[in-house]
Amino acid sequence: MRFTAEVKVMLKDGISDPQGQTIERALPALGYTGVGEVRVGKRIELKLDAEDADDARAKVEDLCDRLLANTVIESFEVEIS
Amino acid sequence: MRFTAEVKVMLKDGISDPQGQTIERALPALGYTGVGEVRVGKRIELKLDAEDADDARAKVEDLCDRLLANTVIESFEVEIS
Amino acid sequence: MISTLHRELGLTDGELEQIVDRLGREPTHTELAMFSVMWSEHCSYKSSRNHLKNLPTEGDRILVGPGEGAGIIEVVPGVAVAWKIESHNHPSFVEPFNGAATGIGGIVRDILSMGARPIALLDSLRFGSPDDPKTRLLIDGVVHGISSYGNSIGVPTVGGEMVFEDCYAENPLVNVACLGVIEHKQMNGRGEGDGNAAILFGSSTGRDGIGGASVLASAEFDEDSLDKRPSVQVGDPFTEKLLIEASLELIRSDLVVGFQDLGAGGISCPTCEMTSKAGTGIDVELESIHLREPGMEPFEVMISESQERMLAVVEPSRVDEVIAVCSKWGLEARVIGRITDSGNVRVLSDGEVIVDVPAAALAEEGPVYDRPYERPSWIDEVQASAPGVEAPGDLKTAFLELLGSPRIASKRWAWSQYDHMIFLGTIEGPGSDAAVIRLPGRDEAVAITTDGNGRYCYLDPYEGARLAVAEAARNVACTGARPVAVTNCLNFGNPEKPGVMWQFAEAVRGIGDACAVLGTPVTGGNVSFYNETNGRAIYPTPVIGTLGILDDASAAVPMSFTSDGDDVILLGTTGVDLGGSEFATVINDSVGGSPPTLDIDAERALIETLVELAPLVTSAHDPSDGGLAVSIAESAVAGGVGVRIDEDADLEPHVALFSETPSRAVVTCTPASTEAVVQVARKHGTPARRIGSTGGDKLIFATFEVALCDARERYETGLTKRLSATMA
Amino acid sequence: MTSLATPRVGVVLFPGSNCEQDCVRSFRALGAETEMIWHGEKSLPDVDLVVLPGGFAHGDYLRTGALARFSPIMTAVEEHAAGGGLVLGICNGFQILCEAGLLPGALRKNVGLKFICAWAELRVENADTAFTRRAQPGQVLKVPINHFEGNWYVDDETRERMVANGQIVLRYTANPNGSLEDAAGITNDGGNVLGMMPHPERACEALLGSEDGAVILGSVLDTLGLSSATSGVR
Ligand SMILES: Nc1ncnc2c1ncn2[C@@H]1O[C@H](COP(=O)(O)OP(=O)(O)O)[C@@H](O)[C@H]1O
Ligand SMILES: [Mg+2]
């Protein structure tokens, strides 16, 4: 069966995120106040063949571990549909 | 009230995605077959003050238009929680 | 059936008639689309050709002149370089990052198409005021796009320009020049040989950039241009890098008869140009083209401007080897057609002929317009208006303000984002008058620069263009190199307006006159018209890219003061030239009067002097924007060495300091060499006068002094201060 | 392994590498023999040092080094390193070594979020390595940097251990990118794998602005010369 996976890769808590900080700093000048805790990560979509949703999840998590995320600095979440 | 927003920014359909294509081409060598349609985008998390969920959404969508997405080539989706 | 479609594609009724006449029938949709791109201003030079043909194009060292992907210049027998400039103005305004990135990609493929390895890039940029937040985003996007693409493909960006002027606010100019070195064999892009295969290699073909040539690059901007955005192309530098390596390997292994890059006009362009040049034809099998998206219309396939693609013509027996080389580099390569002797470009879809057009009709027989031109009356008013030459209240304040003005201040913010060192050839990099690039594995170097002054050209396009040619040649000569060839990028407004056309004609005349005297023939270039938004045109802006040759890279002359106790010598004479100057604009807020008048013979003598002086001097730098004072400060800051200068007592102090008289250079030498330097100058009829000496930690002028560290602070932070406000 | 006195340097060429020729030229100028190794090979030729050069392997798409670490040659590079063979990763090569787990940590985007091409000063913190033996302890080298992702990170525990072991071999005198420990170059536990963001191969000629890079490249060659002279201990 063909599944769609959505992978979110974000920097781990405690790892500073200069991209998020830069956006946060730019916001007041654009007239946005009250916005904070901006974090920037990646979103990866893909389609894959798998037996069932669990199999698909297992495959994608393995792919994340090995390739899509660098677990030294990043954490990931997988959604299958 | 304080809301959490999750923003997904992806390249528009029809705009080529060299990153996604390159990853896709590399996968068979890693032993992954049956994976396709890989697309890479951004995911941004932030917190903001707003009247209510609608207000929060409106604010974040405006922010996407102006800063977070490059609407020439990217489309975005906003989720508020 | 066709009705007004041709107009939407940018073809006039007359042009349609011409097509129908030539074909003897109505064109098909796909044919019409192909004509629309090949006959667009961008591809056909229909408004400019009549003027460009008067440019001098021949010289001893010119192996290939205009008309090919790039000019080819002989450095020493057996060693040649390719040199060319291109504009990517409109795409960079629509999408700064990708527009600039794909601009780099395009010029690099032009160089590659000649069989040369790209080894250096220059970026010549013009924007509106850096105080405008929108402009700041644009600048950031363009510089980031160049950096990301150029660095990734491993070609150093070694110099350029960055100019700010309100007229570019809605029409930024992004011109990029590329230098290549022929590694193995020069290619000619000819589609020879009945029965040979045409192989398309590189990226797949998608809907990106459809109509780019005729809609994006050749029509004025207006409110609905925002809707044209989806045709933006995204650059893929990784594939470009593979394309470079694969193409060079194909040449090295002698596997291709000819090849050409796909740029504006997509696949329509090489199919008709390569065959037209060779007097052959081609049959293209539409279905064999590797598509990125389903459901593309034939016309979309034929004019798609998907990036990073090349077309090779290959003998049938070598096809497998060519495909093997491409796949080694991870590139898709497919035979998409065959060379024929029909003289026609034919496209077959599902066995049906959907295009059958003489190759020459598309490639060479496009319309040529003798557009009417007329000197606009406002020129008189502008020239008669106040040139803003009054003395400033305080010389030191004016000096510091000039030094920190965005146009003069260091562009380190931009060039530190560019890899400018790869290939171990950057002997003089960004920050000097011209970049000096040692050819890989050799002693010889070439010096390259781009220069243009839109303000001068606005005041007087003929003089302004001559001044640009002179400045570029002088910048090259300052390094000790002899200027030998010119490429040019002509950025103008709407050529259908007689005033704009007059500016264009005058500028081309000026370039031709100056190049003829300086012995720097024009080897190619690019014309970008329609740089107008809502009827307002940019300053006429010819950008001149000059290339010079230096036999020994290690003899290159730096622009920085290198040691204490050197004599400072001014070559040339300072006159009262403040019209259109940086001083008049920044300090007196005035753009009027006339630009300096160039004495081209004095310029030629100065260049000869500089070339001969190279072994005698420790530094050389020409006064340009901001005049002598700024030039002295730049050399002092670059070398970290102070200086004492005695101004010309015959001139008002602010004139002596800030006048932009051309044909001058400041050189330094040890006192023991001063006499010899003066002798050489005298021999060439160039005035030479000792005006001071280096040393210390101050800049000391007759009327004021500044600590070197204060000058550095102004110069190094002037641009970033203006840019930093909200740069994300 | 080789008994030849001339050290043999293998430079791996990944698709998208772009500093491989510069590495070859600089190592040759210092007297090494060089060989280019295509990333698709499964085994290494007879070389004493493996260099992973700078560039943008696989376009640096997804993350720098993320795809390159899966190139077939990397298994052989890992074996070479595991056997004590010398490996030098420069810039993108450093990033690939981290991704491959041959060096600790990861390289993040520069804090300034800009690509930086500039001269940098590196202090040699440990002159007692295979890669720095020509340097004096504390010597400052002028070598250019050229990267967007040079901001090295490692967890605290590893970091303390590395500092104690002298694995932070080169430090920036003025941190340009946010790198922890001001690290510009680090080694693995065994000291036979060095990753550095600056480009020593660009600084081996006075005409280009500095010859200090030759201290690093020459140190490796000295090490190899010594080891081949003393019967090829690797
Ligand atoms: N966009 C840019 N990219 C790279 N280098 C640049 C850029 N803009 C300016 N420079 C460099 O800054 C220096 C000063 O430029 P410019 O003032 O135009 O020099 P000149 O007056 O000698 O023509 C030159 O070395 C030039 O190459
Ligand atoms: Mg100059």
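Residues numbered from 1 in each chain as written. Chains lettered and ligands numbered in written order. Predicted model: local features only at pLDDT ≥ 70, side-chain atom pairs only at ≥ 80, totals over all residues. Heavy atoms only, no water.

The next subject is the overall build of chain A. Each helix and strand in chain A was counted, giving two helices and three strands. Seen in sequence order, chain A has helices and strands lined up from the N terminus as β-α-β-α-β. Oriented by its inertia axes, the alpha-carbon framework of chain A measures out at about 50 × 25 × 15 Å. Within the span of chain A, comprising 81 residues, buried residues form 49% of the whole. Put simply, 67% of the contacts in chain A that link residues at least 6 apart link residues at least 24 apart. When the 11 positive and 17 negative side-chain charges of chain A are each reduced to one mean point, those points stand 5 Å apart. (Helix = DSSP H or I, 4+ residues; strand = E, 2+ residues; numbered from the N terminus. Buried < 20%, exposed > 50% of the residue type's maximum accessible area, 1.4 Å probe, protein only. Contact = heavy atoms within 4.5 Å. Lys, Arg positive; Asp, Glu negative; His and termini not counted. Charge placed at Lys NZ, Arg CZ, Asp CG, Glu CD.)

Further remarks concern the interface of chain B and chain A. For interface size, the figure often reported is the accessible area lost on association. Facing the 30 residues of chain B at the interface are 30 residues of chain A. Between chain B and chain A, a total of about 2700 Å² is buried, with carbon and sulfur atoms accounting for 57% of that surface. Note that Glu-37 of chain B is salt-bridged to Lys-47 of chain A, the shortest N-O span being 3.3 Å. On the surface where chain B and chain A come into contact, there are 19 residue pairs in polar contact (both at pLDDT 80 or more). Every element with two or more residues in the side of chain B that touches chain A is listed here: β1 (2-11), β2 (35-49) and α2 (53-68) of chain B. Ranked by the residues each element gives to the side of chain B that touches chain A, the list is headed by β2 of chain B, at 15 residues. Residues belonging to the side of chain B that touches chain A are distributed by class as follows: 14 nonpolar, three polar and 13 charged. Note: strand β2 (residues 35-49) of chain A against β2 of chain B, 11 bridges, orientation antiparallel. Within β2 of chain B, the residue paired with Lys-42 of chain A across the bridge is Lys-42 of chain B. (Buried area = accessible area lost by both parts, 1.4 Å probe. Salt bridge = Lys/Arg side-chain N within 4 Å of Asp/Glu carboxyl O. Polar contact = N/O pair within 3.5 Å; in protein donor to acceptor, adjacent residues only side chain to side chain. Nonpolar A, V, L, I, M, F, W, Y, C, P; charged D, E, K, R; others polar. Pairing = 2+ DSSP bridges.)

Once chain B is rotated about the relating axis by 179° and shifted along it by 0.0 Å, it coincides with chain A to within an RMSD of 0.3 Å. Those values place the two copies in the arrangement expected of a two-fold rotation axis. When each C-alpha of chain B is compared by its distance to the rotation axis, Lys-42 of chain B comes out closest, at 2.2 Å. Of the interface residues in chain B, 100% have counterparts in chain A that sit at the interface too, so the contact is made through matching surfaces. (Least-squares fit on C-alpha atoms with pLDDT ≥ 70 in both.)

All names here are of chain C. For the magnesium ion (ligand 2), the full set of protein donor atoms is Asp-433 (OD), Asn-475 (OD1) and Asp-622 (OD), and the range of their distances to it is 2.1 Å. When the donor residues of the magnesium ion (ligand 2) are listed from N- to C-terminus, their spacing reads D-x41-N-x146-D. Here Asp-433, found in the loop between β14 (426-428) and β15 (435-438), pairs with Asp-622, found in the loop between β23 (619-621) and α23 (627-639); they are 189 residues apart in sequence, far enough to count as distant. Summarising the burial analysis for this pair, Asp-433 and Asp-622 share the class buried. (Donors = N, O, S within 2.8 Å, 3.2 Å for Na, K, Ca; no water.)

Residues and elements named next belong to chain C. Pairing within the open sheet is mixed, and its six strands lie in the order β14-β15-β16-β21-β17-β18. The open sheet terminates on both sides in strands that have one partner only, identified here as β14 and β18 (522-528). Averaged over all adjacent pairs, the angle separating strand axes in this sheet is 25°, with direction ignored. As paired strands, strand β16 (residues 445-451) and strand β21 (residues 541-550) are joined by seven bridges and run antiparallel to one another. Paired with Thr-449 across the bridge in β21 is Thr-546. (Axes fitted to C-alpha atoms, helices over the stretch in contact; angles between N-to-C directions.)

The partner chain D presents 28 residues to the 32 residues of chain C that form the contact. Contact between chain C and chain D buries roughly 2400 Å² in total, counting both sides, with carbon and sulfur atoms accounting for 62%. It is Phe-238, Met-421 and Leu-424 of chain C that lose the most area in chain C upon contact with chain D, and together they represent 29% of the buried surface on that side. Along the contact surface separating chain C from chain D lie three salt bridges. The shortest N-O distance in the salt bridge between Glu-205 of chain D and Arg-438 of chain C comes to 2.6 Å. Summed over the shared surface of chain C and chain D, the result is 10 residue pairs in polar contact (both at pLDDT 80 or more). Counting only elements with at least two residues in the side of chain C that touches chain D, the list comes to α8 (133-153), α10 (237-252) and β14 of chain C. The element that contributes the greatest number of residues to the side of chain C that touches chain D is α8 of chain C, accounting for six residues. For the side of chain C that touches chain D, a count of residues per class yields 14 nonpolar, 12 polar and six charged.

Glancing now at the domain arrangement of chain C. Split by domain assignment, chain C resolves into domain 1 (1-39 + 187-366) and domain 2 (393-422 + 557-728). Distance from the C-alpha centre of domain 1 of chain C to the C-alpha centre of domain 2 of chain C: 49 Å. (Domains from an automatic or database assignment.)

To continue, consider the sheet that holds strand β27 (residues 698-700) of chain C. Residue and element names in this part refer to chain C. Reading across from one edge, β23-β25-β22-β26-β24-β27-β28 is the order of the seven strands in this open sheet, with mixed pairing throughout. Of all strands in the sheet, those bounded by a partner on one side alone are β23 and β28 (705-707). For this sheet the average axis-to-axis angle between neighbouring strands, irrespective of direction, equals 20°. As paired elements, strand β24 (residues 643-645) and strand β26 (residues 688-694) share three bridges and run antiparallel to each other. Note on β26: the bridge partner recorded for Arg-644 is Ser-693. Along the sheet, helix α26 (residues 708-723) makes contact with β27 and β28, crossing β28 at roughly 75°.

Moving on: the pairing of strand β1 (residues 8-13) of chain D. Residue and element names in this part refer to chain D. β1 sits mainly inside the fold: six of its six residues count as buried. Neither face of β1 is exposed, since Arg-8, Gly-10 and Val-12 on one face and Val-9, Val-11 and Leu-13 on the opposite face are all buried. Judged from the six bridges that link them, β1 and strand β2 (residues 33-38) form a sheet pairing that is parallel. By the bridge assignment for β2, Arg-8 is matched with Glu-33. Note that the unit made of β1, helix α1 (residues 20-29) and β2 has a crossover that is right-handed. Sheet topology note: the β1/strand β3 (residues 49-52) ladder contains three bridges and is parallel. Bridging across to β3, Val-9 finds its partner in Leu-49. (Right-handed = clockwise from strand over helix to strand, strands pointing away.)

Residue and element names in this part refer to chain C. For the pair α8 and α10, interaxial distance at closest approach is 8 Å and the crossing angle is 35°. α8 and α10 meet at a crossing whose hand is right-handed. Only Pro-237, Phe-238, Glu-240, Lys-241 and Ile-244 of α10 make contact with α8, whose side of the interface consists of Ser-148, Tyr-149, Ser-152 and Ile-153. Classifying every residue of the contact of α8 with α10 gives five nonpolar, two polar and two charged. (Left-handed = near helix turned anticlockwise from the far one by under 90°.)

Before going further, it helps to spend a moment on the confidence of the model for chain C. When pLDDT is averaged along chain C, the result is 93; 96% of the residues meet or exceed 70. Within the model, pLDDT remains below 50 along residues 212-230 of chain C, and this stretch shows 44 contacts once partners closer than five positions in the same chain are excluded. (pLDDT = per-residue confidence, 0-100.)

Turning next to the site of ligand 1. Residues and elements named next belong to chain C. Taken together, 17 residues are adjacent to ligand 1, and Asp-123, Gly-431, Ser-432, Asp-451 and Ser-624 come closest. One of the backbone nitrogen or oxygen atoms of Gly-431 is found 2.6 Å away from an oxygen atom of ligand 1. In this structure, Asp-433 approaches ligand 1 through a side-chain N or O atom, which is 3.0 Å from an oxygen atom. In the complex, 90% of the free accessible area of ligand 1, which totals 560 Å², lies under the protein chains. When contributions to the shell around ligand 1 are tallied by element, the ones reaching two or more residues are β4 (116-127), β5 (157-164) and α19 (461-478). If you tally residues by element for the shell around ligand 1, the top one is β5, at four residues. In the shell around ligand 1, the residues fall into five nonpolar, six polar and six charged. (Near = heavy atom within 4 Å. Areas by Shrake-Rupley, 256 points an atom, 1.4 Å probe, with all protein chains shown as cover.)

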